[in-house]
Amino acid sequence: MTNLISIENLSMTYGSPARPILSGIDMSIAEGEFVCVLGQTGCGKSTLLRLVLGSEQPTRGQVLVDGERHLRPDWTRGYVPQKYALFPDRTVLDNITFGPEVREFNLFTRMMPRFFRRRRELRMHAMDYLMRIGLREADATKYPDQLSGGMQQRVAIAQALMTQPRILLMDEAFSALDPGTRRDMQKLIRQLWRDTRTTVLFVTHNTQEALSMATRVVVLAKEDPAHGSRVMLDMALNQPCREDEMPRLIAKVEGVCGSSRDPESALFSGEELPDKILL
Amino acid sequence: MTSAFSLIHSKPGRTFDTALSWLLFAAGVGIYLYVAQARHAENPEERVTPTVTQMVNGFTDAALKPAEDDEATLPENASVFRRFPASMLWKDTKATSRRFFYSMLLLIPAVLLGLHMGLFPYVRVFFLRFILFFDKIVALSLLPILFIAFGIDELSKVMLIVIGVTPTIILDTFNLARGIPPEQVTKAFTLGAGDFDVAYRVVLKQLMPNVLNSIRLNLKAVMLFLFAGEMIASTDGLAYRIALLRRHMGMEIIIPYVLWVALLLFLVDLSMRVINRKLHPWFREA
Ligand SMILES: Nc1ncnc2c1ncn2[C@@H]1O[C@H](COP(=O)(O)OP(=O)(O)O)[C@@H](O)[C@H]1O
Ligand SMILES: [Mg+2]
């Protein structure tokens, strides 16, 4: 298989004096993989994702997507953040159709009759998606703040998939959800991944979550404070993970992340704790 | 055992609530009437505190009698609907409304500038420092310069509003635009939007209710500068009339005029609030 994403010797610093966040990340991701990037809060996972998206540029090294550098985000890489994923001024349906709408019509052509015809088509299409992600028809005309957190993230996923991106980037997409909802969402994203064969790069600080979804887990951690995070572990997984394998894998990841100094390490015990405590 | 009375947790009943909210109005009117009556008893020629009858007469004259310059043109028995449009009150209101409308139009480029400053770094760098400086200029202190530079016609009054109000609106919109979570912008790009799609279809649309609220808050400032301009250099308008009548101690018209202006401003504000709610049903007031 060819590499869809090549991350080469990627380094990122912030501020002056420069504070290193990432130091020399190397990673290749093939088409169709489901990669989870794991690491403690503040280790630079979101930064890595922003560099892949192209909303920021690295201080050293490069990210190639399909062999090209990207200077800004575009529709080939879909994105689901933890918060603010949906446009609050649009209904659920209009949020889902936003992608095709904005790509096919500019500020002026969207005044033409053709636009309204096409929008009807798109809305029908979006309805299908809505059903697939487990929302009801009645939810279509609601505004995002009338939905629960889990429902919002479902819509955000549908919104991202509607443009049929080759890569789906998710940043702690389920971290604000309660454990039950979170498990449902994990199942859903696995399902969608299998159906659409989209390459998924999923960032999380929750080991259990990573192990229960990914075909490959990459752990980022700092070796010492003077440097940024590096790839400390990169392992392939057979999915679904066997229950009796879990403790061993968790121990392995925990070993790499080292320190049990901070409360963050509690999550490596395999317990599913509410996020408020972890963050 | 009953718990102690708490001010914060008290719930006035509906009738009591209404009564209480009108109490200050009633007190204001009552005190005025008492003072006016007392002063008139002392001196029937008294002009500072006109009686209600005088004010009603004054206001009806202003609203229904033809303005001075075209006195003869209306027949004696013309209907109210023919007489009001020829009246002094209508002419003044029209002149002031026109200027008010122009100043509102001027706020549109201000909003757009603020939006672009918030989103595009080059625009921000180019304008921000200058506008921060501009914002600190006391607009009224520029009045003489404006009259010298632009003459005493409409342009100088409009410029006064530009200098007085637009920096606030620009900076407000700028801050609102910067407050949009970066995730939203990134998200829009990943869905295929371009720079201007993000600016107008994502950010501006989300900001609009807040921008309208900020304009509502600044209505007073707009009126302040408008009135300052009209009082000092104008030949029509509500403020011109008030300033003119001051010379004749025409309190029986000034007081109704002041209330009339307050009523108009209240109506503008109210309609903006209603429009805001109708246009943005998704908006939750913070
Ligand atoms: N725009 C920025 N400017 C300065 N520092 C930043 C910026 N973004 C992130 N950081 C810093 O980089 C570090 C890593 O952040 P982030 O990538 O969000 O971590 P994670 O997602 O793993 O929790 C944090 O210490 C954060 O303070
Ligand atoms: Mg993060």
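The written sequence of each chain sets the order in which its residues are numbered from 1. Going through the entries in the order they are written, you letter the chains from A and number the ligands from 1. For a predicted model such as this one, the threshold for reporting local features is a pLDDT of at least 70, and the threshold for listing and counting side-chain atom pairs is 80 or more; totals across whole chains, interfaces and linings nevertheless cover every residue. The basis for every side-chain value is the complete set of heavy atoms in the structure, and neither hydrogens nor water enter the calculation.

## Here we look at unusual backbone geometry
All names here are of chain A. Backbone torsion omega between Ser 16 and Pro 17 reads 0°, so that peptide bond is classified as cis. Numbering of helices and strands starts at the N terminus; helices are DSSP runs of H or I of at least 4 residues and strands are runs of E of at least 2. With respect to the helices, strands and loops of the structure, Pro 17 is situated in the loop between strand 1 (3–14) and strand 2 (19–30). Residue Gln 164 is not a glycine yet carries a positive backbone phi of 50°. Owing to a relative accessible area of 58%, Gln 164 belongs among the exposed residues under this scheme. Of note in this structure, Glu 172 is not a glycine but carries a positive phi near 50°. Taking the relative accessible area as the measure of exposure, Glu 172 reaches 9% and is therefore buried. A 1.4 Å probe rolled over the protein chains alone gives each residue an accessible area, and that area as a share of the maximum for its type sets the label: buried under 20%, exposed over 50%, partly exposed in between.

## Details of the layout of surface pockets
Volume-wise, the largest pocket comes out at about 1,100 Å³. Think of a 1 Å grid over just the protein atoms. A cavity is a set of points where a 1.4 Å probe fits yet cannot get out, a pocket is an open set with protein on both sides within 12 Å along at least five of seven lines, and lining residues have an atom within 4 Å of a point. Lining the largest pocket are 39 residues, and of these Arg 50 and Ser 55 of chain A together with Pro 182, Glu 183 and Thr 186 of chain B lie nearest its centre. No other element matches the five residues that helix 8 (residues 182–190) of chain B contributes to the lining of the largest pocket. Each residue is assigned to one of three groups, with Ala, Val, Leu, Ile, Met, Phe, Trp, Tyr, Cys and Pro labelled nonpolar, Asp, Glu, Lys and Arg labelled charged, and all others, Gly among them, labelled polar. Classifying every residue of the lining of the largest pocket gives 17 nonpolar, eleven polar and eleven charged. Considering only enclosed or pocket space, the second largest pocket measures out at about 630 Å³ in volume. Taken together, 26 residues line the second largest pocket, and the ones lying closest to its centre are Tyr 84, Leu 86, Pro 88 and Asp 145 of chain A together with Gln 184 of chain B. Elements supplying a minimum of two residues to the lining of the second largest pocket: helix 4 (149–162) of chain A together with helix 9 (195–232) of chain B. Residue composition of the lining of the second largest pocket, by class: 15 nonpolar, eight polar and three charged. Grid points are joined across faces, edges and corners, and a volume is the space filled by probe spheres set on the points.

## Overview of helix 9 of chain B
Its 38 residues give helix 9 of chain B an end-to-end C-alpha distance of only 45 Å, which falls more than 12% under 56 Å, the value for a rise of 1.5 Å per residue. Take the seven residues that end at a residue and the seven that start at it, fit an axis to each, and the angle between those axes is the bend at that residue. A bend of about 50° at Leu 204 of chain B is the largest found in helix 9 of chain B. One less than the number of residues in a helix, times 1.5 Å, gives the span that helix is expected to have.

## As for helix 1 (residues 45–53) of chain A
Within helix 1 of chain A, seven of the nine residues are buried, which leaves it mostly tucked inside the rest of the structure. Phi turns positive one or two residues past the end of helix 1 of chain A, at Gly 54 of chain A, with a value near 95°.

## Side note on the confidence of the model for chain A
Predicted confidence across chain A gives a mean pLDDT of 87, with 92% of residues reaching 70 or more. For every residue, the predictor assigns a confidence score, pLDDT, that lies between 0 and 100. The contact definition used throughout considers only heavy atoms, calling two residues in contact when any of these lie within 4.5 Å. Across residues 259–279 of chain A, confidence stays below pLDDT 50; counting only partners more than four residues off in sequence or on other chains, it has 33 contacts.

## Observations regarding the side chain of Arg 99 of chain B
Residue and element names in this part refer to chain B. By secondary structure assignment, the location of Arg 99 is in helix 4 (residues 88–119). Taking relative accessible area as the criterion, Arg 99 reaches 3% and is therefore assigned buried. Excluding anything up to four places from it in sequence, Arg 99 contacts Glu 154, Lys 157, Leu 226, Glu 230, Ser 234, Asp 236 and Gly 237.

## Digging into the site of ligand 1
Residue and element names in this part refer to chain A. The nearness test applies per residue and asks whether one of its heavy atoms lies within 4 Å of the molecule or strand. Taken together, the residues surrounding ligand 1 are Tyr 14, Arg 19, Ile 21, Gln 40, Thr 41, Gly 42, Cys 43, Gly 44, Lys 45, Ser 46, Thr 47 and Arg 50. Here ligand 1 has 560 Å² of accessible area as a free molecule, and 64% of this is covered by the chains. Only strand 2 and helix 1 provide two or more residues apiece to the shell around ligand 1. Here the shell around ligand 1 gets four residues from one element, more than from any other, and that element is helix 1. Class assignment for the residues of the shell around ligand 1 results in three nonpolar, six polar and three charged. Method for areas: the Shrake-Rupley scheme with a 1.4 Å probe, in which residue coverage is limited to the protein chains shown.

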